[in-house]
Amino acid sequence: MEKKRFIQRYPSFCIFAVLAVLLVLVAVFAPQLSRGVNPIKGSLKESIMPPSAEHPFGTDKMGRDIFVRVLYGARTSLSSTFILVAVVFVIGSFLGILAGYFGGWVDAVIMRVADMMIAFPGLVLAIAVAGILGASTRNAIIAIAVVTWPKYARLARSLVMKIRNTDFVAAATVTGSSTPYMLWKYMLPNTVTTLVITAATDVGGMMMELAALSFLGFGAQPPTPEWGSMLNEGRNFMQSAPWLMIYPGLAIFVTVVIFNMLGDGLRDILDPRSGEGR
Amino acid sequence: MKKRMTALLVTLLLVMTVFAASPAYAEEKVLTFGCQMYSDGLVNPASQINCAWNCMRYGISESLFKFNDNMEIEPWLAESYEVNEDSTVWTIKLREGVKFSNGTDMTASKVKESLDSVREQGPNGSSTPEKYLAFEATVEADDAANTVTITLPKPDYNLLGNLAYPVMAIINVAETTDFDHEVIGTGPYMVQDHADLVGYTMVKNPNYWGGEVPYDKVEIIFMGDASAKANALMAGQVDLVENITNVADLQRLQDDANYTVDIASGVRCGFSWINFKGVLANDTLRKAIVMAIDNDTICASNTIGGLYTAGFSVLPSTLAYGYENLENPYAYDPDAAAAMLDEAGIVDSDGDGVRELDGQPIMLRYSSYENRLLNDFSDAHTMYLAELGIGINPAYGSSDDCWNDLVSFNYDFDNNNWTTVGNGDPTEYMANWYGKSKSNYCGYQNDEYDALYEKFLETADAAERANLLQQMQQILVNDAVVIVDGYYNSSMAYSKNVGYAHIHTADYYWLTTEIVPAA
């Protein structure tokens, strides 16, 4: 009964949650769904073939099955996006809470570094960082993390500062709570909801940024199936062999929409300021 | 009312003027040419090699000799030549009646002036004219006999080829005022106007020595992107484009009856350097690798299209250096390649799909960059090598990254596309594998090759030189020194507005009088 009420109350969240789970399942079961076809192995004799019964999405420049590569691409794209979001969430929140709680020079140092990072256009700085580190998925994650953590740090800091001088915090201090206990028991719980909402709505954006870096050649390296780099591979064939771009492009589009909508749904549920929140 | 009448009259007059003038415009033959911009489109032969190429490509300059499509040397501004026995004194008879585009006669003194000037200015730029004509060489002009005599400090058996190189083009040094944009040459077209980084407006050279110039005006428009060039051609914005380096677009034009695509077997060779200072010093491994790659299938695929001709030697098969007599002991045979490695004990003992050598999995660094389909070749090689059980770490970057990897030996494979006989002779190119050469970027050392190369440097006879080159090529093939991608083909494509156009093997001849309007 409770479940039914929940679904009725948050239909959008429920639909997109199911879709997101489906996407994750696609990534997990890619080998089974692709019937054992290797995404890296192709035959140049079959390169750039249009969609057919044998290759539902056609083949790419190396004669690899695009359907299989799109399936496996979900693994690369989803896992790297989740890792990225987790990294910026943890680092950003941690530094933000420290800055907000301690204030003074700790705050000044952390926040000035953060200010420096956001003084540059995000993707441009990420390209520079990825360019210096060298092209790979790991470095692309690092590059975007470097430019994204300040967002979480600033958010966490402001949330902490809001409660830092409240009576219950003062009471906790007076009763002898240790600093780690204070951070863990009072500061973190009061910031985590907002941060989780931010992270959830960020998944789509982060995925786009990773795809953008891969598209520009700074992310996943060939022959790894990755949607952004697949787009880049097909770029020259946009007119003569559009299937090279359409399917990875569609995959990015669908995934980003699902995670954006899921993030919105989650905000409706968790955000105490939205009318229906609990 | 009166005002309105006046306005109407003025408008009528204007319209009539336009109509009256239009027949003259209709008769003017104009060619619009979309091409890549190199070195900002500057045309001073002494400043950069690309600029020297530009000057010749735009139809401004010509040289004493030129290459035909078999890269054989033919006289151009010269008529004939004589040479002494040890190839140190060359007397070149100039063609009669040649004028620069400003009307000045191209006399022997003017030729001397040009050849001296480019070498004097050489140190200020990067054209390295001394590579084509030594600083110490003297040029004497005899205006009465219409000859120039070049005396060299040491023999140069390829002097004519060197003089054909665009850096050595003959220009009117004394009367040129704007060397960057308006060099005065003897070519069929001359610069009327230019817009920085946008293009040139060329007009016919009224004093051209080689007969009627087919176009009154040529608009050169710089276009960097191959697809943009193809689209501009198909949209009617340009009549002629060069080097569509994108197979998809090239095929689109080839399939359309409204366009003609001319493809020349070029003198560029795409090949992956193999680093002999790394794990690939192992002979068996290297040979098995070369044997595991199906070069013919790669070049024939939709991905590479007609842009490369397959081959297994470092010198293109179209050149007269005995390609047809070469034997390839490592023709594609994946089973034999695998058996070779198994026999040598290079096997995958831990079952991870990658073979091990001396206990280490064979993971090779592949440096490559996106130009002339090099990354596609690298991807294809990676795929074939995965079949053989060889792992690849791709290190794709810019051309600079690839170059830096090459010169610092930070690679196992380094994919490049190089001109083999830019000045009609592969001396410099073949030095890449000569043990004592500075440009030996792979650490290859073979005494037999070195001896042949040294002999080659001292040989004047063309047939003997070709024979030596053939032997040198065979050694490189036998030692599996490179993975050959293929021989890169240049292209030109044109619409129905153009009657005929042709891209030459030596791709510094673009705007020539061969390009004519449709009848």
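Reading the values: the criteria
- Residue numbering note: each chain is counted from 1, following its sequence as written.
- Naming scheme: in the order in which they are written, chains are lettered from A and ligands are numbered from 1.
- Side-chain atom pairs in this predicted model are given and counted only at pLDDT of 80 or more, local residue features only at pLDDT of at least 70, and totals for whole chains, interfaces and linings cover all residues.
- Hydrogens are left out, water is left out, and the side-chain values use all remaining heavy atoms of the structure.
- For helices the rule is a DSSP run of H or I covering at least 4 residues; for strands it is a run of E covering at least 2, with both sets numbered from the N terminus onward.
- Exposed residues in this analysis have more than 50% of their type's maximum accessible area, buried residues have under 20%, and partly exposed residues fall in between, with area computed by a 1.4 Å probe over protein chains only.
- We call two residues in contact when some of their heavy atoms are within 4.5 Å.
- Each accessible area value is a Shrake-Rupley result obtained with a 1.4 Å probe; residue values ignore everything except the protein chains displayed when judging cover.
- A positive count includes Lys and Arg, and a negative count includes Asp and Glu. His and the chain ends are not counted in either.
- To locate a charge, the coordinates of NZ of Lys, CZ of Arg, CG of Asp or CD of Glu are taken.
- Strand pairing is assigned whenever DSSP identifies at least 2 bridges connecting the two strands.
- Here an angle of 0 to 180 degrees is reported between the N-to-C directions of two axes, which are lines fitted to C-alpha atoms, with helices fitted over the stretch in contact.
- For our purposes a nonpolar core is just a set of buried Ala, Val, Leu, Ile, Met, Phe, Trp, Tyr and Cys residues, chained together by side-chain atoms within 4.5 Å.
- Start and end points for every domain follow an automatic or database-based domain assignment.
- By buried area we mean how much accessible surface two parts lose on assembly, using a 1.4 Å probe and totalling the loss over both.
- Any carboxyl oxygen of Asp or Glu that lies within 4 Å of a side-chain nitrogen of Lys or Arg is treated as forming a salt bridge with it.
- Within 3.5 Å is the distance limit for a polar contact, defined as a pair of N or O atoms, with the added protein rule that one can donate a hydrogen and the other accept it, and that residues adjacent in sequence qualify only through two side-chain atoms.
- Note on residue classes: Ala, Val, Leu, Ile, Met, Phe, Trp, Tyr, Cys and Pro are nonpolar, Asp, Glu, Lys and Arg are charged, and everything else, Gly too, is polar.
- Comment on the angle field: the value is read as roughly parallel under 35 degrees, roughly antiparallel over 145, roughly perpendicular from 65 to 115, and oblique elsewhere.
- What makes a crossing left-handed is the near helix being turned counterclockwise from the far one by less than a right angle; a clockwise turn instead makes it right-handed.
- Stacked, tilted and edge-to-face are the three classes applied to pairs of Phe, Tyr and Trp rings, where Trp contributes its six-membered ring and a pair requires centres within 6.5 Å; stacked means planes under 30 degrees apart, edge-to-face means over 60, and tilted covers the rest.
- Charge over a ring is defined by NZ of Lys or CZ of Arg lying within 6 Å of the ring centre and within 35 degrees of the ring normal.

Moving on: the overall build of chain B. Looking only at helices and strands, chain B features 14 helices and 21 strands. Relative to its full complement of 519 residues, chain B shows a buried share of 55%. Put simply, 67% of the contacts in chain B that link residues at least 6 apart link residues at least 24 apart. A total of about 21,300 Å² of accessible surface is found on chain B, and carbon and sulfur atoms cover 50% of it. The centroid of the 30 positive side-chain charges in chain B is displaced by 10 Å from the centroid of its 74 negative side-chain charges.

As a further point, take the sheet that holds strand β7 (residues 147-151) of chain B. Residues and elements named next belong to chain B. Taken together, the 4 strands give an open sheet; going across it, the order is β4-β5-β7-β6, and neighbouring strands pair in antiparallel fashion. The sheet is open, and its two edges are formed by β4 (78-83) and β6 (138-142), each paired on a single side. The sheet shows a mean angle of 20° between the axes of neighbouring strands, taken without regard to direction. Across 5 bridges, the pairing between strand β5 (residues 89-94) and β7 is antiparallel. Bridge pairing in β7 links Val-89 to Thr-151. Taken strand by strand, helix α3 (residues 108-121) contacts β5, β6 and β7, and its axis lies near 165° from that of β6.

Here we take up the nonpolar core. If you look at the biggest cluster of nonpolar residues, it comprises 132 residues, and the most contacted ones within it are Leu-64, Leu-115, Ile-289, Leu-388, Phe-413, Met-430 and Trp-433 of chain B. For this core, the leading source of residues is helix α10 (residues 374-388) of chain B, giving 7 residues. Counting only domains with at least three residues in this core, you end up with domain 1 (62-168) and domain 2 (268-488) of chain B. Look past the residues within four positions of Leu-115 of chain B in its chain and what remains in contact with it is Leu-64, Leu-133, Val-139, Ile-150, Leu-163, Met-168 and Ile-170 of chain B. One finds Ala-99, Val-106, Trp-149 and Ala-211 of chain A within the second-largest nonpolar core, a separate group that totals 70 residues.

The next subject is the interface of chain B and chain A. Contacts between the two partners involve 21 residues from chain B, matched on the other side by 19 residues from chain A. Approximately 1,800 Å² of surface area, both sides summed, lies buried where chain B meets chain A, with 55% of it carried by carbon and sulfur atoms. Our count for the contact surface shared by chain B and chain A stands at 3 salt bridges. Of the charged contacts in the structure, one is a salt bridge between Asp-376 of chain B and Lys-61 of chain A, with a shortest N-O distance of 2.8 Å. Taken together, the links from chain B to chain A amount to 4 residue pairs in polar contact (both at pLDDT 80 or more). At the level of elements, α5 (226-234), α6 (247-255), α8 (295-300), α10 and β17 (391-397) of chain B are the ones that each hand at least two residues to the side of chain B that touches chain A. In terms of residues, the side of chain B that touches chain A owes the most to one element, α10 of chain B, which gives 7 residues. Split into classes, the residues belonging to the side of chain B that touches chain A amount to 7 nonpolar, 8 polar and 6 charged.

What follows covers the packing of helix α13 (residues 447-457) of chain B against helix α14 (residues 462-478) of chain B. Residue and element names in this part refer to chain B. Packing of α13 against α14 leaves a shortest axis separation of 10 Å and a crossing angle of 160°. One element, α13, and the other, α14, form an angle in the roughly antiparallel class. Of the two possible hands of crossing, α13 and α14 adopt the one that is left-handed. For the pair formed by α13 and α14, the contact residues are Glu-448, Tyr-449, Leu-452, Tyr-453, Lys-455 and Phe-456 on the first element and Glu-464, Arg-465, Leu-468, Leu-469, Gln-471, Met-472, Ile-475 and Leu-476 on the second. Classifying every residue of the contact of α13 with α14 gives 9 nonpolar, 1 polar and 4 charged.

The next point concerns the packing of helix α2 (residues 11-28) of chain A against helix α4 (residues 66-102) of chain A. Residues and elements named next belong to chain A. Two elements in contact, α2 and α4, have axes whose closest approach is 7 Å; the angle formed by their N-to-C orientations is 115°. For the crossing formed where α2 meets α4, the hand is left-handed. In this structure, α2 contributes Leu-23, Val-24, Val-26, Ala-27 and Val-28 to the contact, and α4 contributes Leu-71, Ala-74, Arg-75, Leu-78 and Phe-82.

Strand residues, when the strand is regular, have side chains that alternate between the two faces of the sheet. Residues and elements named next belong to chain B. Burial of strand β10 (residues 217-222) is one-sided: the residues Val-218, Ile-220 and Phe-222 facing one way are buried, the residues Lys-217, Glu-219 and Ile-221 facing the other way are not. Pairing of strand β9 (residues 199-204) with β10, which is carried by 5 bridges, proceeds in the antiparallel orientation. Across the sheet, the residue bridging to Thr-201 is Glu-219, located in β10.

Right, let's talk about unusual backbone geometry for a bit. Positive phi, normally seen in glycine, also occurs at Met-71 of chain B, with a value near 60°. With respect to the helices, strands and loops of the structure, Met-71 of chain B is situated in the loop between β2 (65-67) and β3 (73-75).

Attention now moves to the domain arrangement of chain B. Residues and elements named next belong to chain B. Structurally, chain B comprises domain 1 (62-168) and domain 2 (268-488). Computed from C-alpha coordinates alone, the two centres of domain 1 and domain 2 are separated by 36 Å. Between domain 1 and domain 2, the contact holds 9 residues from the first and 12 residues from the second. Buried surface at the junction of domain 1 and domain 2, both sides included, amounts to about 780 Å², of which 57% is carbon and sulfur. Among the residues of domain 1 in contact with domain 2, Met-71, Tyr-157 and Asn-158 are the three that bury the most area, contributing 60% of the side total. Across the domain 1-domain 2 interface, the total number found is 1 salt bridge. A salt bridge links Glu-428 to Lys-131; the nearest nitrogen and oxygen atoms lie 3.4 Å apart. Between domain 1 and domain 2 we count 3 residue pairs in polar contact (both at pLDDT 80 or more) in total. Class assignment of the residues belonging to the side of domain 1 that touches domain 2 gives a composition of 5 nonpolar, 3 polar and 1 charged.

Right, let's get into the pattern of salt bridges. All names here are of chain B. Throughout the structure, instances matching the rule amount to 29 salt bridges over all chains. Salt-bridge contacts for Lys-99 lead to Asp-105; the nearest nitrogen and oxygen are separated by 3.1 Å. The partly exposed category is assigned to Lys-99, whose relative accessible area is 30%. Residue classification places Asp-105 among the partly exposed residues on the basis of a relative accessible area of 40%. Between Lys-112 and Asp-116 there is a salt bridge whose closest N-O contact spans 2.8 Å. Of the two residues, Lys-112 and Asp-116 are both situated in helix α3; the distance of 4 residues between them amounts to about one turn of the helix. The class of Lys-112 is partly exposed, set by a relative accessible area of 29%.

What follows is about the side chain of Asp-507 of chain B. Residues and elements named next belong to chain B. Along the polypeptide, Asp-507 turns up in the loop between β20 (498-500) and β21 (516-517). What makes Asp-507 buried here is its relative accessible area of 12%. Apart from residues lying up to four places away in sequence, Asp-507 is in contact with Trp-53, Arg-57, Asn-243 and Ser-490.

Let us look at the packing of aromatic side chains. All names here are of chain B. Following the criterion strictly, the structure yields 43 aromatic pairs over all chains and no others. A ring pair is formed by Phe-271 and Trp-273, whose centres lie 5.4 Å apart and whose planes are at 55°; its orientation type is tilted. Accessibility classification places Phe-271 together with Trp-273 in one group, the buried group. A ring pair is formed by Trp-403 and Trp-418, whose centres lie 6.4 Å apart and whose planes are at 40°; its orientation type is tilted. Placement of the pair is Trp-403 in helix α11 (residues 399-407) and Trp-418 in strand β18 (residues 413-419), with a sequence separation of 15 residues. Three or more aromatic residues link up through ring pairs in this structure, and these residues are Phe-271, Trp-273, Trp-403, Trp-418, Tyr-429, Trp-433 and Tyr-441. The cationic tip of Arg-57 hangs over the ring face of Trp-510; the distance from NZ or CZ to the ring centre is 3.9 Å.

Residues and elements named next belong to chain A. When you line up the elements, Val-37 lands in the loop between α3 (30-33) and α4. Here Val-37 falls in the partly exposed class, since its relative accessible area comes to 33%. Sequence separation of Val-37 and Ser-47 is 10 residues, and the distance between their C-alpha atoms is 16 Å.

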